[in-house]
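Below, each chain spelled out in residue letters.
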Amino acid sequence: MSELTIEDQYAAELKQSDIDHHVPTAGAMTNHILSNLMVEYVKLNQVKWYVKGANSFSLRNEYARLIALNTKNFAELADLLLDEAQKPSATTAELTKYSMLEENGAFKYNDADTLVAATIKDFDTENLFVDRAIKLAEKESRPALAAWLVGYRGSNNRNIRQLQAFLGQDARDGLDEEDDDDDED
């Protein structure tokens, strides 16, 4: 039997990835989370670089913390996928394809409250994928993956609460109403 070329191996990986994303599997759903983390990294930096106003110093420090946490989560999650014999997306194009977060170059001109509110919404969007991935990981008997995802969900919840407090709101203010439509899945 002849060995597959590198191109053949990659083509098989892409074909399997497409199948896994349509089923979906815990690995595919977790890859969406990884992709969201990559886009979120860029968006967090955008806020840190461009936030203005009386709270800009404290927000830059908070966003530096969020960026460090994001970087750590991205690396840990990619390793965890490899531990689970999954293939994390390995190119910017793949990561962009599977992200559900939206970017906008003009976004940087918004006021601090709008920038923070958008970050909160991104964390909340990420949680939709985390919740689905947890259920799939449990169904597929992947306890290490499920445990990491549960911890990540808790971290996102904490970040949401802290950012909401900056806006003078409670943890779920303005979020649960939007999420109710998603509960029908």
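Our structure is the block above this text.
So, here is what we can say about the structure in this document. (Residues numbered from 1 in each chain as written. Predicted model: local features only at pLDDT ≥ 70, side-chain atom pairs only at ≥ 80, totals over all residues. Heavy atoms only, no water.)

## Details of the nonpolar core
Thought 1: Residues Ile-33, Leu-77 and Leu-149 are the most contacted members of the largest nonpolar core, which totals 24 residues.
Thought 2: Where this core is concerned, the elements lending two or more residues are helix H2 (26-50), helix H3 (56-83), helix H5 (112-139) and helix H6 (143-166).
Thought 3: Not counting chain neighbours up to four residues away, the residues in contact with Leu-77 comprise Thr-30, Ile-33, Leu-34, Leu-37 and Trp-148.
Thought 4: Formed by 16 residues, the second largest nonpolar core is a distinct cluster that contains Leu-44, Phe-107, Ile-120 and Leu-175. (Core = buried A, V, L, I, M, F, W, Y, C linked by side-chain atoms within 4.5 Å. Buried < 20%, exposed > 50% of the residue type's maximum accessible area, 1.4 Å probe, protein only. Helix = DSSP H or I, 4+ residues; strand = E, 2+ residues; numbered from the N terminus. Contact = heavy atoms within 4.5 Å.)

## Considering the side chain of Thr-119
Thought 1: By secondary structure assignment, the location of Thr-119 is in helix H5.
Thought 2: Ignoring anything within four residues of it in the chain, the contact list for Thr-119 reads Glu-40, Leu-44, Val-47, Tyr-63 and Leu-163.

## Section: the side chain of Thr-30
Thought 1: Relative to the helices and strands, Thr-30 is located in helix H2.
Thought 2: Looking at Thr-30, the relative accessible area reads 0%, which means it is buried.

## Considerations on unusual backbone geometry
Thought 1: The backbone of Ala-85 sits at a positive phi, close to 60°, despite the residue not being glycine.
Thought 2: Topologically, Ala-85 is positioned in the loop between H3 and helix H4 (92-98).
Thought 3: Ala-85 gets classed as exposed once you look at its relative accessible area, which sits at 68%.
Thought 4: The phi angle at Ser-141 is positive, at roughly 55°, despite the residue not being glycine.
Thought 5: When you line up the elements, Ser-141 lands in the loop between H5 and H6.

## Details of the packing of aromatic side chains
Within a pair of aromatic rings, the relevant descriptors are the distance that separates the centres and the angle that separates the planes.
Thought 1: Here the structure, examined in full by the defined rule, presents one aromatic pair.
Thought 2: Here the aromatic rings of Trp-148 and Tyr-152 are separated by 5.3 Å at their centres, their planes lie at 15°, and the arrangement is stacked. Linking Trp-148 with Tyr-152, this pair stays in helix H6, spanning four residues, or about one helical turn. The same class applies to Trp-148 and to Tyr-152, which are both buried.
Thought 3: The residue whose ring lies beneath Lys-108 is Tyr-50, and the NZ or CZ to ring-centre distance is 5.3 Å. (Phe/Tyr/Trp six-rings, centres within 6.5 Å; stacked < 30°, edge-to-face > 60°. Lys NZ or Arg CZ within 6 Å of the ring centre and 35° of its normal.)

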